[in-house]
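Chain residues, written in single-letter form:
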Amino acid sequence: MLKKSFVAVLAVISALTTVLSCNSIVGSTTSNLTDSLENSLTEGNTKGKQDTVKLMDILDSLNRGKIVFPALDSINKIDPKVAKRQFRDSIYRELNKKDKHIYLTFDDGPLIGSSAIDSIITSKDIKISTFLVGKHAGMSKRLKRDFDRYMNNPLVECYNHSFTHAANKFHAFYSNPEIAVSDFEKCETSLGLKHKIVRMPGRNIWLFDDVRRVDLTSGAQTADLLGVNGYKIYGWDVEWKINGLSGKPVQSVEEVYRRINNMLGNKSTLKPNNIVLLMHDDMFQNKKGQQLLSNLIDSLKQHKDYKFDFIANYPIKY
Ligand SMILES: [Zn+2]
């Protein structure tokens, strides 16, 4: 079954005339790309050789136009557009068979809501990622205790969301990258964070490996300076929004759940088979909010191929 579906694909690949240079397939010839694809697609090879070209990297190259299909002529019977679509579909089919990785991320803790999140995810036995605001941990005995709960829970990893949360004046904060970076450093030392992993307040910016995605340019210089200082920065694919006035979640559980399924299905996340969901601790202050979180987790857990991971492991590749 597996091999059968690739005969056509491999034929197409064999017919490739050019593989333009890209980070992951630099210098590949058509034949070793074919070999790599076969290796990647062989069952049980997901933990295989480090240098195996990953399906996701091939898909990335394809989407960036770095794999060129030969023009339709008397020798090549397949229209390059059709060939490309078939090739993409075959990668999708393989990715669909693999595990999907969900990163539940909670911002702005410790806040009222953090202890409930800690209890819920512990009872569900799933991993979560928290992006903490340094000064919140010093605001009260209760929040210090909730921060300690997060830190001591093996199902929770704690990451950096700055010390001051930019005092919610993001543009001004990012206008001085040195001061902004020192604010993240202050968060790291005051909370004793183990990871050099950041989410930038008020910005959906990604900066890790060869990825650099910036939503609003006023945060770009700070992001780059954080990168130079050894930090990785993670944004999000989906946000479960919070109502600024009521503090309640905006979308229903069904909407968020559907969106996660759809984005995983149509490969519209930043990295296929990996999805980062943004939430805020203060959405889950009361029983009603907590029930919604519990329901969302239960819905996601119905899928045996959905796995909950820490953002430090992002992205898991195939
Ligand atoms: Zn925030």
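Before going into details, it helps to say that this report is about the structure given with it. (Residues numbered from 1 in each chain as written. Predicted model: local features only at pLDDT ≥ 70, side-chain atom pairs only at ≥ 80, totals over all residues. Heavy atoms only, no water.)

## Things to note about the overall build of the protein
Then step 1. Per the secondary structure count, the protein includes eleven helices and twelve strands.
Then step 2. Burial analysis of the protein (318 residues in total) assigns 52% to the buried set.
Then step 3. Considering only contacts in the protein between residues 6 or more positions apart, those separated by 24 or more positions represent 75%.
Then step 4. As presented, the protein carries roughly 15200 Å² of accessible surface, and 52% of it is formed by carbon and sulfur atoms. (Helix = DSSP H or I, 4+ residues; strand = E, 2+ residues; numbered from the N terminus. Buried < 20%, exposed > 50% of the residue type's maximum accessible area, 1.4 Å probe, protein only. Contact = heavy atoms within 4.5 Å. Areas by Shrake-Rupley, 256 points an atom, 1.4 Å probe, with all protein chains shown as cover.)

## Here we look at the packing of aromatic side chains
Then step 1. Summed over all chains, the structure comprises twelve aromatic pairs.
Then step 2. Here the aromatic rings of F69 and F87 are separated by 5.9 Å at their centres, their planes lie at 65°, and the arrangement is edge-to-face. Linking F69 in the loop between β2 (67-68) and α4 (80-97) with F87 in helix α4, this pair joins segments that are 18 residues apart in sequence. F87 matches F69 in its accessibility class, with the two residues each being buried.
Then step 3. Grouped by ring-pair contacts, the aromatic residues Y103, W206, F208, Y234 and Y314 constitute a single cluster.
Then step 4. Over the face of the ring belonging to F163 we find K186, whose NZ or CZ atom lies 4.2 Å from the ring centre. (Phe/Tyr/Trp six-rings, centres within 6.5 Å; stacked < 30°, edge-to-face > 60°. Lys NZ or Arg CZ within 6 Å of the ring centre and 35° of its normal.)

## Notes on the nonpolar core
Then step 1. Counting residues in hydrophobic clusters, the biggest one holds 38 residues, and the most contacted among them are L104, I128, W240, L277, M279 and L300.
Then step 2. Considering every element that reaches this core, the biggest residue donor is helix α10 (residues 253-265), with six residues.
Then step 3. By size, the runner-up hydrophobic cluster in this structure holds 15 residues, among which are Y234, V276, F310 and I311. (Core = buried A, V, L, I, M, F, W, Y, C linked by side-chain atoms within 4.5 Å.)

## Notes on helix α8 (residues 177-191)
Then step 1. Here α8 contains 15 residues, and its C-alpha end-to-end distance of 21 Å stays within 8% of the 21 Å for a straight helix at 1.5 Å per residue.
Then step 2. Taken residue by residue, α8 has P177, A180, V181, D183, F184, C187, E188 and L191 as its buried positions. Looking straight down α8, one finds its buried side chains confined to an arc of 150°; they lie on one side. Facing away from the buried side of α8, by more than 90 degrees, are the exposed residues E178, I179 and T189.
Then step 3. Positive backbone phi, approximately 65°, marks G192, located one or two places after α8. (Expected span 1.5 Å × (residues − 1). Arc of directions from axis to C-beta.)

## Regarding the coordination of the zinc ion
By definition of the ideal shapes, four donors in a tetrahedron about a metal sit 109.5 degrees apart, and six donors in an octahedron sit 90 or 180 degrees apart.
Then step 1. At this site the zinc ion is bound by D108 (OD), H161 (NE2) and H165 (NE2), with donor distances of 2.1 Å.
Then step 2. Read in sequence order, the donor residues coordinating the zinc ion give the pattern D-x52-H-x3-H. Of this pair, D108 sits in strand β3 (residues 100-109) while H161 sits in the loop between β5 (156-160) and α7 (170-174), and the two are 53 residues apart along the sequence.
Then step 3. What makes H161 buried here is its relative accessible area of 2%. (Donors = N, O, S within 2.8 Å, 3.2 Å for Na, K, Ca; no water.)

## Section: the pairing of β5
In summary, the side chains of a regular strand alternate between the two faces of the sheet.
Then step 1. Taken across its five residues, β5 has five buried, putting it largely inside the fold.
Then step 2. Residues V156, C158 and N160 of β5 are buried on one face, and the alternating residues E157 and Y159, pointing to the opposite face, are buried as well.
Then step 3. One ladder, built from five bridges, connects strand β4 (residues 128-132) with β5; its direction is parallel. The partner of S129 across the bridge, within β5, is E157.
Then step 4. Handedness of the β-α-β unit built from β4, helix α6 (residues 141-152) and β5 comes out right-handed. (Pairing = 2+ DSSP bridges. Right-handed = clockwise from strand over helix to strand, strands pointing away.)

## Remarks on the packing of α8 against helix α9 (residues 220-228)
Then step 1. The contact between α8 and α9 brings their axes to 9 Å, and the two run at 55°. In this view, α8 runs oblique relative to α9, as classed from their interaxial angle. α8 and α9 meet at a crossing whose hand is right-handed. Between α8 and α9, the contacting residues are P177, E178, A180, V181 and F184 on the first element and Q221, T222, L225 and L226 on the second. (Axes fitted to C-alpha atoms, helices over the stretch in contact; angles between N-to-C directions. Parallel < 35°, antiparallel > 145°, perpendicular 65-115°, else oblique. Left-handed = near helix turned anticlockwise from the far one by under 90°.)

## Quick look at unusual backbone geometry
Then step 1. Of note, the amide linkage connecting G109 to P110 takes the cis form, showing an omega dihedral of -5°.
Then step 2. Following the sequence through the fold, P110 ends up in the loop between β3 and α5 (114-124).
Then step 3. Between Y314 and P315 the backbone carries a cis peptide bond, its omega angle lying at -15°.
Then step 4. Within the secondary structure, P315 sits in the segment after β12 (306-308).
Then step 5. The phi angle at N273 is positive, at roughly 65°, despite the residue not being glycine.
Then step 6. Structurally, N273 is set in the loop between α10 and β11 (274-280).

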